[in-house]
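Residue-level listing of the chains:
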Amino acid sequence: MRNEILFSTGGDWDSTSLMSNGYAIEAAQLYIELSAGRDDWGDEVQGGIWEGADLTAMIRPAEDPMAPIDIFPGRISMEFPGYTIVMENQHPMVDMRHLRVWLNGEDITDRVVDVVVDINAVDSFVQAYVSVYKSRFLLRDEVITHTII
């Protein structure tokens, strides 16, 4: 089964919602961690998921936080004030070559370094950021981190 997840927040708990396949769900935690675009020594490089990637993406339901639910295969859209992150992998075995990542409508699949979203209602902890590799012609390449929350 493919999931269609929509997470939305205005920046506080009262404006936060999580929908799964059109139904509101109560969750203890939404956790996504993508690490990509690194060489053999762990340094960031151009290439995004094509250089290898590790992904953890799950929802811990409020009624049973010890039984996490995998998000993929599927699509998750996350709407924050000023940012929208979309991740999609429709491959039945979640083959990383089928993962796509967009930031504010721009495909960053071949430049993504990190995506971390940890919305933990139980511990009242929130963290979200996206790091993107920026190749420069005459200047040194850099990694730009967008702190979302």
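Now for a look at the structure at hand. (Residues numbered from 1 in each chain as written. Predicted model: local features only at pLDDT ≥ 70, side-chain atom pairs only at ≥ 80, totals over all residues. Heavy atoms only, no water.)

1. Some details on the nonpolar core
One broad rule of soluble globular proteins: the nonpolar side chains tend to lie buried together.
Logical step 1: In terms of nonpolar packing, the biggest core is built from 30 residues, with I85, M87 and V117 touching the most fellow members.
Logical step 2: Elements with a contribution of two residues or more to this core: β1 (3–8), β4 (27–36), β5 (53–61), β7 (74–80), β8 (83–89), β9 (100–103), β11 (112–120) and β12 (125–134).
Logical step 3: With sequence-adjacent residues up to four places away left out, I85 is seen in contact with I76, S77, M78, F80, W102, L103, V115, V117, V130 and I148. (Core = buried A, V, L, I, M, F, W, Y, C linked by side-chain atoms within 4.5 Å. Buried < 20%, exposed > 50% of the residue type's maximum accessible area, 1.4 Å probe, protein only. Helix = DSSP H or I, 4+ residues; strand = E, 2+ residues; numbered from the N terminus. Contact = heavy atoms within 4.5 Å.)

2. Concerning the environment of I59
Logical step 1: By the secondary structure assignment, I59 is in strand β5.
Logical step 2: Judged by relative accessible area, which is 5%, I59 ranks as buried.
Logical step 3: Sequence spacing of I59 and A27 is 32 residues, and the spatial spacing of their C-alpha atoms is 6.7 Å.
Logical step 4: Not counting chain neighbours up to four residues away, the residues in contact with I59 comprise I5, L18, I25, A27, Q29, L30, P68, I69 and I71.

3. Some points on the sheet that holds β5
Logical step 1: Spatially, β6-β5-β4-β11-β12-β13 is the arrangement adopted by the 6 strands of the open sheet, whose pairing is antiparallel. The open sheet has two edge strands with one neighbour each: β6 (69–70) and β13 (142–147).
Logical step 2: Taken together, the 8 bridges between β11 and β12 define a ladder with antiparallel strand orientation. Residue pairing across strands places D118 opposite Q127, the latter belonging to β12. (Pairing = 2+ DSSP bridges.)

4. Description of the packing of aromatic side chains
Logical step 1: Within the structure shown, the criterion is met by 1 aromatic pair.
Logical step 2: Judged by centre distance (5.5 Å) and plane angle (50 degrees), the ring pair of F7 and F80 falls under tilted. Pair noted here: F7 is in strand β1 and F80 is in strand β7, with a separation of 73 residues, a long-range link.
Logical step 3: Looking at F7, the relative accessible area reads 3%, which means it is buried.
Logical step 4: With relative accessibility at 5%, the residue F80 sits in the buried group. (Phe/Tyr/Trp six-rings, centres within 6.5 Å; stacked < 30°, edge-to-face > 60°.)

5. A closer look at the sheet that holds strand β10 (residues 106–107)
Logical step 1: The mixed open sheet is built from 7 strands, whose spatial order is β3-β2-β1-β7-β8-β9-β10. Both edges of this open sheet fall to β3 (23–24) and β10, since each of them pairs with a single strand only.
Logical step 2: With 2 bridges connecting them, strand β2 (residues 17–20) and β3 associate as antiparallel partners. Across the sheet, the residue bridging to M19 is A24, located in β3.

6. Things to note about a nonpolar patch on the surface
Logical step 1: Nonpolar side chains collect at one region of the surface, where W13, V126 and I149 lie side by side and expose about 240 Å² of accessible area between them.
Logical step 2: Looking at the element boundaries, V126 is found in strand β12.
Logical step 3: A relative accessible area of 36% means that V126 is categorised as partly exposed. (Patch = residues over 30% accessible without salt bridge, like charges linked within 9 Å, V, L, I, M, F, W, Y side chains within 5 Å. Areas by Shrake-Rupley, 256 points an atom, 1.4 Å probe, with all protein chains shown as cover. Salt bridge = Lys/Arg side-chain N within 4 Å of Asp/Glu carboxyl O.)

7. Section: the environment of W50
Logical step 1: Residue position: W50 is located in the loop between β4 and β5.
Logical step 2: Under the relative-accessibility criterion, W50 is labelled partly exposed at 45%.
Logical step 3: For the pair W50 and F7, spaced 43 residues apart in sequence, the C-alpha separation works out to 27 Å.
Logical step 4: Not counting residues up to four positions away in its chain, the partners in contact with W50 are R97, R100, T109 and D110.

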